[in-house]
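Single-letter residue listing:
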Number of protein chains: 2
Amino acid sequence: MNITGIREKTVSLASGLRNAGIAYDAMTASAVVVETDDSDLVGLGFDSVGRYGHGALLRERFIPRLLDAAPGALLDPDGLIDPAAAWRAMMANEKPGGHGERAGAVGVLDMALWDLRARQRGAPAWRTIADYFGTSGAPAVAVYGTGGHYGADAADTGPLRATLTDAHARGFRTFKIKIGGAPLATDLARIEAALDIAGPGALALDTNGVWEPATAAEWLVALADYDIAWIEEPVSPLDYAGLAAIAGRFPVPIGTGENLFSCDDARNLERHGGLRPDRDWLQFDISLSYGLPEFVRIVDCFASKGWSARRFAPHAGHVLALHTVAALGLGMAEVTLDAALPIGGLPGGAPVEDGRVTLPDAPGFGIEELPALHACFADLLA
Amino acid sequence: MNITGIREKTVSLASGLRNAGIAYDAMTASAVVVETDDSDLVGLGFDSVGRYGHGALLRERFIPRLLDAAPGALLDPDGLIDPAAAWRAMMANEKPGGHGERAGAVGVLDMALWDLRARQRGAPAWRTIADYFGTSGAPAVAVYGTGGHYGADAADTGPLRATLTDAHARGFRTFKIKIGGAPLATDLARIEAALDIAGPGALALDTNGVWEPATAAEWLVALADYDIAWIEEPVSPLDYAGLAAIAGRFPVPIGTGENLFSCDDARNLERHGGLRPDRDWLQFDISLSYGLPEFVRIVDCFASKGWSARRFAPHAGHVLALHTVAALGLGMAEVTLDAALPIGGLPGGAPVEDGRVTLPDAPGFGIEELPALHACFADLLA
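Source: prediction; values computed, not measured. (Residues numbered from 1 in each chain as written. Chains lettered and ligands numbered in written order. Predicted model: local features only at pLDDT ≥ 70, side-chain atom pairs only at ≥ 80, totals over all residues. Heavy atoms only, no water.)

Turning to the interface of chain A and chain B, a few remarks are in order. Tallying the contact residues gives 37 residues for chain A and 37 residues for chain B. Carbon and sulfur atoms supply 47% of the area that chain A and chain B bury against each other, a total of about 3400 Å² over both sides. Along the contact surface separating chain A from chain B lie six salt bridges. With a shortest N-O distance of 2.7 Å, Glu258 of chain B and Lys95 of chain A are connected by a salt bridge. (Contact = heavy atoms within 4.5 Å. Buried area = accessible area lost by both parts, 1.4 Å probe. Salt bridge = Lys/Arg side-chain N within 4 Å of Asp/Glu carboxyl O.)

Right, here's the structure in full:
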């Protein structure tokens, strides 16, 4: 099996939604297809959300390095594509640090290679990933549903109630909404509306890292009597000392990591962020952080300091994250509640039962079972 | 004055050179031209070196935001382009963290805007920058010369000796060479050859962040009897704890920062890196770190903790860095000794006198006075 070509395209994820930090009206993402000399065998990869597409980096730097590799250099002794070998080829001649856009370019290609390897094995991706890293893996995954983005009228709690009521009826038991993008009183009304539906300890609040530490402290004082599942990115993601101050003062669990894109950065969070292994959530985004080879290094880094793999809840309602949670026994996966978005929904409409979903047996990441996502690949697969 | 268009192109910086971490045979950089409704008035910007060109990010995200700004929104009350206003426009809808490629895209545009503002004032960029930030500024700048990259035969000290001898004859008094990409004995021979020419306390060694902390310690023990000006990036740039351990154990000055691209990251270096304000060098690359508005925030961050602006020696032999050192009273600027490289040489062939150079009075950054660099803009200015 040889890789014969790699195609990519930029997909629009434009929507009218916003969070406390950014609007999504110009958001894009990359879709990639890895082609082989077996016309039935391809690997599909899709970007995670929020950092824009990676098309030019893919075309100018990372795809050429894969295509220039010697025949067989990217395969393991069994003739299967070896994502770690491909990772080393992709990262040749890259200076250290500056883990930004390129981390997402490498990650979307890495995803396509795992999809390819799994299809070579005729297996779902989670099982292939588990076999590769020597974990047991299991197809049943705890999930939480994310909704409640700000729409045109932040004070209108109707859409938020509808989204969460529907999600609860569908079987979700943990929920996350956006806060921090409206005045405190408006957001408290939204939080109370959501808590009515979610119940105690089942609602997380995501502020997308826009608060200064003093503002975060004010809000957390105001929220002290609410039973919140976790507060997400309560300060700027790189402000480790600010995070440690929050963790030292407030008992509410913290979630962070979605805007840290490497093991270098993860290690700094572990060393300097003051997080608590008994309650906090580590949300590194696999696709945006150089993919699985790097992500496993991140998990190992925290494990070496006593953290359970169950504290990982990778960012983004992304099928790569779903399979990785299944493969490595992580804590839970995020699901975007709006199934009309390319990155929304669950594969094959798999039902959520009391907050857990079982991944179908489809080969690879099963992108064929996600119609809105699969539609993004139509041109590339033609 | 209104901006009517922004053009960019990718320039090849391919060379046979390498440092301990990367080879430059596919290196690229971006050149940008900001056009206005005054056909004689343009702003020129050029990328720094080592992180590849930023063309697609410029075209897809940052140039459109500038061109979409309301008329006058990017101007100050005197009708001059206001780089800080432009910076805010460019960074709309960008999530926090992940300071990688986009930091360089914003930085190269920022440089073009300072060039434009200075040309509107009919002044050299350093004076315009000093006026804007309220510093006195002066055109005489301390410089050091960087050469001694690895060529085809690392053990051949001939080219290294020739480069440094020539530089010394030209007036340089501080020099930097690359190490860490050859066995210790080979590098010691190169260091001794260089020290013969540079003299004590005048030679810096750049290892480009490839060493593990244990390796760094071994080398620094081996180098303990040499009078080295500074050791650059002795550990991975984001390994703040590793850096603090080096700084705590070895008296040799340390230089770092060229692979940290934001005030977020700079603040973490200040808090966790254990650096010493009496001897260490801060080498943030202005162009790669979102440009001058962010760079001044970085300087202020360190100043608030007692660091002198004289400890800043911005990375890259880049005319933006030269002018910023002049404007803000920073410590010194790097000069790439190979004048054939686009980013090499000094404006107008300005002479180096006992380690200092005086910037000519040319308007803006004076790119017309740097023939190899100006040639990169030929298509864009046609």
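Residue and element names in this part refer to chain B. As a packed pair, helix H3 (residues 101–121) and helix H4 (residues 125–133) sit with axes 9 Å apart at the nearest point and diverge in direction by 95°. Classified by the interaxial angle, the pair formed by H3 and H4 is roughly perpendicular. Counting all contacts with H3, which are made through Trp114, Arg117, Ala118 and Arg121, the residues of H4 involved are Ala125, Thr128, Ile129, Asp131, Tyr132 and Phe133. (Axes fitted to C-alpha atoms, helices over the stretch in contact; angles between N-to-C directions. Helix = DSSP H or I, 4+ residues; strand = E, 2+ residues; numbered from the N terminus. Parallel < 35°, antiparallel > 145°, perpendicular 65-115°, else oblique.)

This part takes up the pairing of strand E3 (residues 42–46) of chain A. Residues and elements named next belong to chain A. Here E3 lies mainly inside the structure; four of its five residues are buried. Sheet topology note: the strand E2 (residues 28–36)/E3 ladder contains five bridges and is antiparallel. The partner of Glu35 across the bridge, within E3, is Val42. (Buried < 20%, exposed > 50% of the residue type's maximum accessible area, 1.4 Å probe, protein only. Pairing = 2+ DSSP bridges.)

A few words on the nonpolar core. Generally speaking, nonpolar side chains in soluble globular proteins are found buried as a group. Among the nonpolar cores identified, the biggest contains 99 residues, and Ile191, Phe284 and Phe377 of chain B are the most heavily contacted of them. With eight residues, helix H11 (residues 319–328) of chain B is the single largest residue contributor to this core. Once residues within four sequence positions are removed from consideration, Phe284 of chain B is found in contact with Thr256, Gly257, Glu258, Leu260, Ala266, Leu269, Phe295, Ile298, Phe302, Phe312, Pro314 and His315 of chain B. Ranked by size, the runner-up nonpolar core spans 98 residues in total, among them Ile179, Ala202, Trp211 and Val235 of chain A. (Core = buried A, V, L, I, M, F, W, Y, C linked by side-chain atoms within 4.5 Å.)

For the pair chain A and chain B, the superposition axis carries a translation of 0.0 Å, the fit reaches an RMSD of 0.0 Å, and the rotation angle comes to 180°. One copy is carried onto the other by what is essentially a two-fold rotation axis. Closest to the rotation axis within chain A is the C-alpha of Gly100 of chain A, separated from it by 1.9 Å. A shared interface surface links the copies, since 100% of the contact residues of chain A are contact residues in chain B too. (Least-squares fit on C-alpha atoms with pLDDT ≥ 70 in both.)

Two faces belong to every sheet, and in a regular strand the side chains alternate between them. Here strand E2 (residues 28–36) of chain B lies mainly inside the structure; seven of its nine residues are buried. Linking E2 of chain B to strand E3 (residues 42–46) of chain B, which pair antiparallel, is a turn of five residues.

Our next topic: the sheet that holds E2 of chain B. All names here are of chain B. With antiparallel pairing, three strands are arranged side by side in an open sheet as E1-E2-E3. The open sheet has two edge strands, strand E1 (3–12) and E3, and neither has a second partner. In this sheet, neighbouring strand axes are inclined to one another by 15° on average, regardless of whether the strands run parallel or antiparallel. With nine bridges connecting them, E1 and E2 associate as antiparallel partners.

Assignment of secondary structure puts Asp239 of chain A in the loop between strand E7 (231–232) and helix H8 (240–249). Aside from chain neighbours lying at most four places away, what touches Asp239 of chain A is Pro213 of chain A together with Arg267 and Arg271 of chain B.

Here the focus is the sheet that holds E2 of chain A. Residue and element names in this part refer to chain A. The antiparallel open sheet is built from three strands, whose spatial order is E1-E2-E3. Looking along the sheet, the strands with just one partner apiece sit at the ends: strand E1 (3–12) and E3. Between one strand and the next, the sheet's axes are offset by a mean angle of 15°, whatever the strand orientation. Contacting E1, E2 and E3, helix H3 (residues 101–121) runs over the sheet at an angle of about 145° to E3.

The next thing to look at is the packing of aromatic side chains. Here a ring pair, both rings aromatic, is described through the centre-centre distance and the interplanar angle of the planes. A full pass over the atoms with the stated rule returns 26 aromatic pairs over all chains. Residues Phe302 of chain A and Phe312 of chain A carry aromatic rings whose centres are separated by 5.9 Å and whose planes lie at 85° to one another, so their mutual orientation is edge-to-face. Here Phe312 of chain A lies in the loop between helix H10 (291–303) and helix H11 (319–328) and Phe302 of chain A lies in helix H10, a separation of ten residues in the sequence. For the residue pair Phe302 of chain A and Phe312 of chain A, the accessibility class agrees, reading buried in each case. Judged by centre distance (4.9 Å) and plane angle (85°), the rings of Tyr144 of chain B and Trp230 of chain B are edge-to-face. With a gap of 86 residues between them, Tyr144 of chain B in strand E4 (residues 140–146) and Trp230 of chain B in strand E7 (residues 230–232) connect regions that are remote in the sequence. Residue class for Tyr144 of chain B comes out buried when judged on its relative accessible area of 0%. Residue Trp230 of chain B is classed as buried on the basis of its relative accessible area, which comes to 1%. What links up through ring pairs into an aromatic cluster is the set Phe284, Phe295, Phe302, Trp307 and Phe312 of chain A. (Phe/Tyr/Trp six-rings, centres within 6.5 Å; stacked < 30°, edge-to-face > 60°.)

Moving on to the environment of Gly100 of chain A. Mapped onto the elements, Gly100 of chain A comes out in the loop between helix H2 (83–90) and H3. Note on Gly100 of chain A: relative accessible area 8%, which makes it buried. Sequence separation between Gly100 of chain A and Ala138 of chain A is 38 residues; the distance between their C-alpha atoms is 32 Å. Each residue touching Gly100 of chain A, except ones within four places of it in the same chain, is listed here: Gly98, Gly100 and Glu101 of chain B.

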